[in-house]
Amino acid sequence: MNRRQLILAGLGGSAAALTGCASVGGSKPIGRVVVIGGGFGGATTAKYIRLWEPRIEVTLVERNPEFISCPISNLVVAGYKNLSEITLPYDGLAKHGVKLVRDEATAIDFEKKEVRLARGAALPYDRLVVAPGVDFQFEKIGGLAEAGPAGRVLHAWKAGPQTTELRARLQALPDGGVFAISIPRAPYRCPPGPYERASVVAAYFKQHKPRSKVLILDANPDIVSKKGLFVKAWNELYPGIIEYRANAEVVEFDVRGNVAKGQVEDYKADLFNIIPPQQAGRIAQPLITVNNQWVGVEFQTWESTKVPGVHVIGDAIAAAPGMPKSGFQANNHGKVVADAVVARLTGQPVNESPIIANTCYSFVSDKEVVHVASVHKWNAEQKTLVPVAGAGGLSAARNELEGVYALSWARNIWADALT
């Protein structure tokens, strides 16, 4: 019997019985939790708080009508999947008693413990979970502040309309055209994601536009994730199609001339996909404490180091050593925070030694995939999570079986967060 089950047993009934009692309003909630953001982290947190302690009232604030998955979205860009295949409803959370508010959180009053909404009344909370993902620092690249938000230059780094628009622009690119993808300095959302995108776009070109090229402009000094596996795939599958340039940070973009300007040279292409530098999502920005970009948290409860009682999860945080900004990690964050919130509101001790894991799959063609995995454990001396030596690792080689695993992983994590 785990700790959550012990708590429920001590309350004198099963989870089902307590859920039924709460659903008819027969008892007053023991606490109110508001979760901002219905991505991998926020949806998971909301669901698991209700699963583990049905007497807690949970409200999830999400402005989008549906969940669209960033993982697998590069296959939509390359034409191997449709957006509908990575789009899921939020309705499954209702059966767990999560109250879904389709609105935008515009501000947090930390003193009053209220979340202000664009259209509805303010939501009071006893505990707050902020899972806003990332926002983009368009201003860090000259000329992008107007061209980026207007959609003249696409990032497609939040799955949705820009994903399908980038796909349409790739289709319109003539055979022999050059597609350039610009990668910001790490950390950014999904470290291997840009290299995966370059790979699957190259696969599309190889099949349908064999004279076209992919130019990777990486602001980093080297490939930041799965280097050996990506380079091997590019050399063997796409010779003459992919050109990689390190230390090629784009500092300005001339939208009229369609030219990306670097520190040393300028880059020309027929279609630019510029992924801007990133920071914590707007609603979390009052909590930023690290490099004017990220929210600092302590890694036993994910509480903000700035405001107690406010838990911040997912891509918005200043990550622990070796911890990537990924959907799998956000899902793991959500479960640790759900456990911590239940503990705080029921007077139980929090888990002092959390362990979380990560697995990230990357398509290097329409069917072949590589992965990286890691395990992260609380270190009392360092007071943070650290990678566990010998745990996880990389694929031995790209293969189609991992492609099957990758799609199964996606279906499973979507179900875990949303149903």
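Residues numbered from 1 in each chain as written. Predicted model: local features only at pLDDT ≥ 70, side-chain atom pairs only at ≥ 80, totals over all residues. Heavy atoms only, no water.

**Quick look at the overall build of the protein chain**
Reasoning step 1: Scanning the protein chain for helices and strands turns up ten helices and 27 strands.
Reasoning step 2: What you see for the protein chain is a C-alpha radius of gyration of 22 Å, in line with the 22 Å of a compact globule of 419 residues.
Reasoning step 3: The principal-axis extents of the C-alpha atoms in the protein chain amount to approximately 70 × 45 × 45 Å.
Reasoning step 4: In the protein chain, which comprises 419 residues, the share counted as buried stands at 54%. (Helix = DSSP H or I, 4+ residues; strand = E, 2+ residues; numbered from the N terminus. Rg over C-alpha atoms; globule rule 2.2 N^0.38 Å. Buried < 20%, exposed > 50% of the residue type's maximum accessible area, 1.4 Å probe, protein only.)

**What to know about the sheet that holds strand β14 (residues 250-254)**
Reasoning step 1: In space, the three strands of this open sheet follow the order β14-β15-β16, with antiparallel pairing throughout. Looking at the sheet topology across the chains shown, the edges are occupied by β14 and β16 (266-268). With strand direction ignored, the average angle separating the axes of adjacent strands in the sheet is 25°.
Reasoning step 2: Judged from the three bridges that link them, strand β15 (residues 259-262) and β16 form a sheet pairing that is antiparallel. The partner of Val259 across the bridge, within β16, is Lys268. (Pairing = 2+ DSSP bridges. Axes fitted to C-alpha atoms, helices over the stretch in contact; angles between N-to-C directions.)

**Observations concerning the side chain of Lys47**
Reasoning step 1: Within the secondary structure layout, Lys47 lies in helix α3 (residues 40-52).
Reasoning step 2: Buried charge without a partner: Lys47 forms no salt bridge, and the closest opposite charge is Asp416, 4.4 Å away. (Lys, Arg positive; Asp, Glu negative; His and termini not counted. Salt bridge = Lys/Arg side-chain N within 4 Å of Asp/Glu carboxyl O.)

**Things to note about the nonpolar core**
Reasoning step 1: Counting residues in hydrophobic clusters, the biggest one holds 71 residues, and the most contacted among them are Val33, Val115, Leu128, Phe299, Trp302, Val312 and Trp414.
Reasoning step 2: For this core, the element with the most residues is helix α9 (residues 327-346), which contributes eight residues.
Reasoning step 3: Apart from residues lying up to four places away in sequence, Trp302 is in contact with Val297, Val310, His311, Val312, Ile313, Ile317, Met323, His333, Val336, Val337, Ile356 and Leu385.
Reasoning step 4: If you look at the next biggest cluster of nonpolar residues, it comprises 50 residues, including Ala147, Val153, Tyr195 and Val250. (Core = buried A, V, L, I, M, F, W, Y, C linked by side-chain atoms within 4.5 Å. Contact = heavy atoms within 4.5 Å.)

**A look at the side chain of Asn332**
Reasoning step 1: Take Asn332: it is sitting in helix α9.
Reasoning step 2: If sequence neighbours within four positions are ignored, Asn332 has contacts with Ile356 and Ala357.

**Observations regarding a nonpolar patch on the surface**
Reasoning step 1: A contiguous nonpolar surface patch, about 290 Å² in accessible area, is contributed by Leu401, Val404 and Tyr405.
Reasoning step 2: Position of Leu401 among the secondary structure elements: in helix α10 (residues 400-418). (Patch = residues over 30% accessible without salt bridge, like charges linked within 9 Å, V, L, I, M, F, W, Y side chains within 5 Å. Areas by Shrake-Rupley, 256 points an atom, 1.4 Å probe, with all protein chains shown as cover.)

**Structural notes on the pattern of salt bridges**
Once the charged atoms of two side chains with opposite charge are near each other, the side chains can pair.
Reasoning step 1: Here the structure, examined in full by the defined rule, presents 24 salt bridges.
Reasoning step 2: In this structure, the salt-bridge partner of Glu236 is Lys232, at a minimum N-O distance of 2.7 Å. Of the two residues, Glu236 and Lys232 both sit in helix α8 (residues 227-237), four residues apart, roughly one turn of that helix.
Reasoning step 3: For Lys232, a relative accessible area of 42% puts it in the partly exposed group.

**Some thoughts on the environment of Ile183**
Reasoning step 1: Along the chain, Ile183 falls in strand β11 (residues 178-183).
Reasoning step 2: Judged by its relative accessible area of 1%, Ile183 is buried.
Reasoning step 3: Considered as a pair, Ile183 and Glu381 are 198 residues apart in the sequence and their alpha carbons are 35 Å apart.
Reasoning step 4: Contact partners of Ile183, with chain neighbours within four places excluded, come to Tyr188, Pro194, Tyr195, Ile216, Leu217, Asp218, Ala219, Asn220 and Ile275.

**As for the sheet that holds strand β8 (residues 123-124)**
Reasoning step 1: Spatial ordering of the open sheet is given by β6-β7-β8, a layout of three strands whose pairing is antiparallel. Edge strands, defined here as strands with exactly one partner in the open sheet, are β6 (105-109) and β8.
Reasoning step 2: Here strand β7 (residues 114-117) runs beside β8; their pairing, made up of two bridges, is antiparallel. For Val115, the partnering residue across the bridge sits in β8 and is Leu123.

**Topic: α8**
Reasoning step 1: Turning to α8, its buried residues number three or more, namely Leu229, Phe230, Ala233, Trp234 and Leu237. All buried residues of α8 lie within an arc of 130° about the axis, which places them on one face of the element. Exposed side of α8, more than 90 degrees from the buried face: Gly228 and Asn235 are the residues found there.
Reasoning step 2: Considering only its buried residues, α8 is in contact with α7 (193-208), β12 (213-218), β13 (242-245), β24 (355-363), β25 (369-379) and β27 (393-394). (Arc of directions from axis to C-beta.)

**Some words on the packing of helix α6 (residues 161-172) against α7**
Reasoning step 1: At a closest axis distance of 11 Å, the pairing of α6 and α7 adopts a crossing angle of 35°. Viewed along their axes, α6 and α7 form a crossing whose handedness is right-handed. Residues Leu166, Arg167, Leu170 and Gln171 of α6 form the contact with α7, whose own contacting residues are Arg197, Val201, Tyr204 and Phe205.
Reasoning step 2: Grouping the amino acids of the contact of α6 with α7 by side-chain chemistry returns five nonpolar, one polar and two charged. (Left-handed = near helix turned anticlockwise from the far one by under 90°. Nonpolar A, V, L, I, M, F, W, Y, C, P; charged D, E, K, R; others polar.)

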